[in-house]
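Spelled out, the chains give:
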Amino acid sequence: MRRAVILCVCMALACALPGQSVASAATATQVSGPELVSMTSGLDGKLVTFEGEVVSEALAGGRGNVWLNVLSGGVAVGVWMPETMADQVREFGCWSHNGDMVRVTGVFNEACDLHGGDLDIHADSMVVVTAGEVRSHPVRYWKLAPGLAGIVLAYATLRRAWRREEQPS
Amino acid sequence: MWVTLDRGDIRAILHYTGMLVLAVAGAMVVPFIVAVISGEWDPALDYVLGAGVTALVGALFVRLAPRGVPINRRDALLITALAWLAASLTAAVPLAFSGHFGSYLDATFEAMSGFTTSGLVLVQDLDHLANAHNVWRHLTHLIGGQGIVVAALSIAIGMRGGGAMSLYHAEGRDEKIMPNVMHTARFIWLVTAVYVALGIASLTAVNLGAGMGFGRSVLHAFCNTAACWDTGGFGPQSQNSLYYHSPWFEIVTVMLMIAGTMNFNLHAHIWRGERRELFKNIEARTIAVNTLILSVLIGLGLAGTTLYSSSGEIIRKGIYHLLSASSGTGQQSLYAAQWTHGYGGLGFVVILMAMAFGGMASSTAGGIKAFRIGVTVKGLMWRIRQAIAPQSAMVTESYHHFSNAPLNSEVLSNVLLVFLLYIVTYITGGIIGMMYGYPPAEAIFESISAAANVGLSTGITAPTMPTGLKIVYIVEMWAGRLEFMALFAIVASVIASVRDRRAHR
């Protein structure tokens, strides 16, 4: 009898824990960066899900947590998460790379009491949707010719002007 | 009588403007080197092209008159005003080719905002901007903060004597720190070098501690130091100060902002060990009283909000932005919409006042300036004392600004004239913003931010804003930085020339 009760409790716990996050994700509101920072979303303290590109390395967030800045719809928002959660991010966005695209679910704070009033998200979960990649920047060599020509012409103009000044009138 | 410019005057003015433009071309070597080190080959070519165009424009202007051609006070005003415009137009060339600006006008806006240390931005997708372009944006703060003319003088553009002093004054500086203007310019750069070195070292340590790589730590430290010491407000990332999520970052940047808003002459006194000046000087006292009063008000304002009512939030969102606004820096850890939604009416008005008042004269800060506020208040007290004194009494007033000076009607009228010009500019820009359909509070906020060279934004300043408003803000930033006189000299000269030409027909 005791074994059966323990088994039932264990099974109930096993179902409830992942179920809770599934339930959370299901009730989270899908939003974009501009909606989050509009201050009219009415989502303060609510569970939200948003997708965006990671544009920062993991920055120290204290107590085993880190910050990732995630760019969505042209607006970057700070996401606070456990260090282990951020480990899955391989690339952050910069001139040379597009960062990993991630889907974050967490509690949105218009002014976080824990972080001095910062607008942030405390992540419950994060998944990498698309891995980052190298950005292509073709070199436009045509700029070299007018640039160098300008420098040479400027030098020649100055040299001629100064020579003219040095000549006795 | 309006004196019109003859051909010789115009050639001399363009000659010196060309010299200053050549200095801008020379400065483009820095981002070029950064591009090469970072392996950013296309941005490197932006600077080859930019330097070529800028150097050619500069050289063509320079050849119009012989070296050392004498200039008078009026010429100096015109050279300074034109130099700031020409510098912005040429510095915009590499930015325009970066692919991060909607148009050449947007790039010019950014360059003018950089040189005038305003910090309003029109750059798009800043988080993917090349290191070279970020360094160039922040270098414009460094050059403009110290003054383009001071920058050129300190590397000896071939000008000595009265002309150099006239140019120095035309840039909105009054203080004669050293006996010679060239030495003054070099002292300003020495102070800058020390603070920039300290700032870069401190912020690099903060960034390394936060987990950034060494290269990025140094790059971000340079950018933020230039932005804060020069009270500029640009940032290398779109979130500005919020990107770092670090109280340490905010502490270091606030210290740089306070140092940047101090009069260079006050720096000189402190360096010489004359620390008493800090407590006697009318500007230092005004700034201290202003900051104290506004801090209390912003504390009360935020305490009444639902979002920022804890003491930590009042310090990090209230005092940080108050100092950012009053120093004319514009570093921001709030999103644009938060100024009007959540910050509260009183907090919003306090930030408006702090921006409008500005920092100290002869510093990198903008706005009306603490000296003028202090003298105006003293002047008011003086007039009240005169009004209630017996008719036979002789009521005098004085102020201490590096030395004791009597307060008289001439000083007061000069101060009030510039005070009034700032107020008129703030309101005019605000009205134009309203005419474009923006809400009054936001339009006034943005106008003050532009004219006082602050850079805080409620979101009006964006690539999508009307072209006319972009031009209005460019003019406001330009006029505010030069404290109006240089710009009025241009307008007056153009009107006088047109009138003269009509009379000769």
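Everything quoted here is computed from the prediction, not taken from an experiment. Along each chain, numbering runs from 1 in the same order as the chain's sequence is written. Going through the entries in the order they are written, you letter the chains from A and number the ligands from 1. Only residues with pLDDT of at least 70 are given local features in this predicted model, and only at 80 or more are side-chain atom pairs given and counted; all residues enter the totals for whole chains, interfaces and linings.

*Asks:* Would you explain the overall build of chain A in this entry?
*Replies:* Strands here mean DSSP runs of E at least two residues long; helices mean DSSP runs of H or I at least four residues long; both are numbered from the N terminus. Counting secondary structure elements, chain A contains 4 helices and 9 strands. Secondary structure elements in chain A, listed N-terminal to C-terminal, are α-β-α-β-β-β-β-α-β-β-β-β-α. For chain A, the residues scored as buried account for 36% of the 169 residues in total. Exposed residues have 12 or fewer other C-beta atoms within 10 Å of their own C-beta, buried residues have 20 or more, and residues in between are partly exposed; the C-beta atoms are placed from the backbone.

*Asks:* Teacher, can you tell me more about the overall build of chain B here?
*Replies:* Broken down by element type, chain B carries 22 helices and 2 strands. All radius of gyration figures rest on C-alpha atoms, and the globule criterion is 2.2 Å times the number of residues raised to 0.38. Taking 505 residues into account, the globule formula puts the C-alpha radius of gyration at 23 Å, and chain B, at 22 Å, falls close to it. Principal-axis analysis of the C-alpha atoms places the extent of chain B at approximately 65 × 60 × 50 Å. Residue burial in chain B is summarised as follows: out of 505 residues, 59% are buried. Whether two residues are in contact is decided by their C-beta atoms, placed from the backbone, lying within 7 Å. Considering only intrachain contacts with a sequence separation of at least 6, the fraction spanning at least 24 residues in chain B is 74%.

*Asks:* In this structure, what is going on with the nonpolar core? I would like to understand it.
*Replies:* Each nonpolar core comprises buried Ala, Val, Leu, Ile, Met, Phe, Trp, Tyr and Cys residues, the members being joined through C-beta atoms within 7 Å. Counting residues in each nonpolar core, the largest one holds 201 residues, and the members touching the most others are Leu 68 and Val 79 of chain A together with Leu 20, Ala 87, Ile 148 and Met 355 of chain B. Among the elements that make up this core, the one with the highest residue count is helix H4 (residues 73–96) of chain B (15 residues). Among all residues touching Leu 68 of chain A, those that are not within four sequence positions of it are Val 54, Ser 56, Ala 58, Val 79, Met 81, Ala 86 and Val 89 of chain A.

*Asks:* Hey, could you run me through helix H6 (residues 131–146) of chain B in this one?
*Replies:* Along an α-helix, a turn takes 3.6 residues, which lines up residues three or four apart on a common side. Residue and element names in this part refer to chain B. Helix length check: H6 (16 residues) gives 23 Å between terminal C-alpha atoms against 22 Å at 1.5 Å per residue, within 8%. Buried residues dominate H6, accounting for 16 of its 16 residues. Directly after H6, the chain includes Gly 147, whose backbone phi takes a positive value near 105 degrees. In this scheme, a helix's expected span is set at 1.5 Å multiplied by one less than its residue total.

*Asks:* Would you take a moment to explain the environment of Thr 305 of chain B for this structure?
*Replies:* Residues and elements named next belong to chain B. Relative to the helices and strands, Thr 305 resides in the loop between helix H14 (282–303) and helix H15 (311–326). Each C-alpha atom of the pair Thr 305 and Gly 344 lies 6.1 Å from the other, and the pair is 39 residues apart in sequence. Apart from the residues within four sequence positions on either side, Thr 305 is in contact with Gly 342, Tyr 343 and Gly 344.

*Asks:* For this particular structure, what's the right way to read helix H18 (residues 370–388) of chain B?
*Replies:* Residue and element names in this part refer to chain B. Taking 1.5 Å per residue as the helical rise, H18 with its 19 residues ought to reach 27 Å, and the 27 Å between its terminal C-alpha atoms agrees with that figure. Of the residues making up H18, those classed as buried are Ala 370, Phe 371, Arg 372, Ile 373, Gly 374, Val 375, Gly 379 and Trp 382. Where the residues of H18 are buried, they touch H14, helix H17 (345–357), strand S1 (398–400) and helix H19 (409–435).

*Asks:* Even after reading the chapter, I still don't get the interface of chain B and chain A, so can you show me in this structure?
*Replies:* Buried accessible area, meaning the area lost when the parts come together, often serves as the stated size of an interface. Each partner contributes to the interface: chain B provides 49 residues, whereas chain A provides 44 residues. Of all the secondary-structure elements, those providing two or more residues to the side of chain B that touches chain A are helix H3 (41–62), helix H9 (181–210), H15 and helix H16 (336–340) of chain B. Considering every element that reaches the side of chain B that touches chain A, the biggest residue donor is H3 of chain B, with 15 residues. Per-class residue counts for the side of chain B that touches chain A are 25 nonpolar, 15 polar and 9 charged. Residue polarity follows a fixed list, in which Ala, Val, Leu, Ile, Met, Phe, Trp, Tyr, Cys and Pro are nonpolar, Asp, Glu, Lys and Arg are charged, and the others, Gly among them, are polar.

*Asks:* I keep staring at unusual backbone geometry and nothing clicks. Help me out?
*Replies:* Glycine aside, the phi torsion of most residues is negative, and most peptide linkages are trans. Positive phi is not limited to glycine here, since Arg 63 of chain A has a value of about 50 degrees. Note that Arg 63 of chain A resides in the loop between strand S3 (59–62) and strand S4 (65–72).

*Asks:* How do you make sense of the packing of H9 of chain B against helix H11 (residues 247–260) of chain B when you look at a structure like this?
*Replies:* To characterise two packed helices, one gives the angle between the axes of the helices and the distance between these axes. Residues and elements named next belong to chain B. Two elements in contact, H9 and H11, have axes separated by 10 Å at closest approach and are oriented at 170 degrees. As summarised for this structure, H9 and H11 are arranged roughly antiparallel, according to the angle between their axes. Within the contact between the two elements, H9 uses Tyr 195, Gly 199, Ser 202, Leu 203 and Val 206 and H11 uses Trp 248, Phe 249, Val 252, Leu 256 and Ala 259. For the contact of H9 with H11, a count of residues per class yields 8 nonpolar, 2 polar and no charged. Working convention: axes come from line fits to C-alpha atoms, limited for helices to the stretch in contact. Angles between N-to-C directions cover 0 to 180 degrees. In this scheme, roughly parallel covers angles under 35 degrees and roughly antiparallel covers those over 145, while 65 to 115 is roughly perpendicular and the rest are oblique.

*Asks:* Explain the environment of Ala 23 of chain B here, please?
*Replies:* Residues and elements named next belong to chain B. On the secondary structure map, Ala 23 appears in helix H1 (residues 7–27). Using a count of 22 C-beta atoms within 10 Å as the deciding quantity, one classes Ala 23 as buried. With 296 residues separating them in the primary sequence, Ala 23 and Ile 319 have C-alpha atoms 38 Å apart.

*Asks:* Before we go on, may I ask you to explain the environment of Glu 57 of chain A in this structure?
*Replies:* Checked against the element boundaries, Glu 57 of chain A lands in the loop between strand S2 (47–54) and S3. For the pair formed by Glu 57 of chain A and Asn 69 of chain A, sequence separation is 12 residues and the distance between their alpha carbons is 8.1 Å. Those residues in contact with Glu 57 of chain A, other than ones at most four positions away along the chain, are Phe 92 of chain A together with Gly 211 and Met 212 of chain B.

*Asks:* I tried to follow the packing of helix H5 (residues 104–115) of chain B against helix H21 (residues 467–481) of chain B on my own but got confused; where do I start?
*Replies:* Residue and element names in this part refer to chain B. Axis separation between H5 and H21 bottoms out at 10 Å; the angle between their running directions is 20 degrees. The pairing of H5 with H21 is recorded here as roughly parallel in orientation. Between H5 and H21 lies a crossing of left-handed hand. Contacts between H5 and H21 involve Leu 105, Thr 108, Phe 109, Met 112 and Ser 113 on the former and, on the latter, Thr 467, Lys 470, Ile 474, Met 477 and Trp 478. Its residues assigned to classes, the contact of H5 with H21 shows 6 nonpolar, 3 polar and 1 charged. The hand of a helix crossing depends on one turn: near helix anticlockwise from the far one by less than a right angle means left-handed, and clockwise means right-handed.

*Asks:* Quick question: what am I supposed to make of the confidence of the model for chain A here?
*Replies:* Low pLDDT marks regions whose predicted coordinates should not be analysed in detail. All names here are of chain A. Across chain A, pLDDT averages 87, with 84% of residues at or above 70. The least confident element of chain A is helix H1 (residues 2–27), whose mean pLDDT is 51; the most confident is S4, at 97. Across residues 14–25, where pLDDT falls below 50, the model places 7 contacts with residues more than four positions away in sequence or in other chains. Confidence scores here are pLDDT values: one per residue, from the predictor, ranging 0 to 100.

*Asks:* I'm lost on the pairing of S3 of chain A in this one. Help?
*Replies:* In summary, the side chains of a regular strand alternate between the two faces of the sheet. Residues and elements named next belong to chain A. In this scheme, strands are said to pair when DSSP sees at least two bridges between them. When S3 meets S4, the two strands line up antiparallel, connected through 3 bridges. Across the sheet, the residue bridging to Gly 62 is Asn 65, located in S4. Linking S3 back to S4 in an antiparallel pair, the connection comprises 2 residues, with Arg 63 at a positive phi of about 50 degrees.

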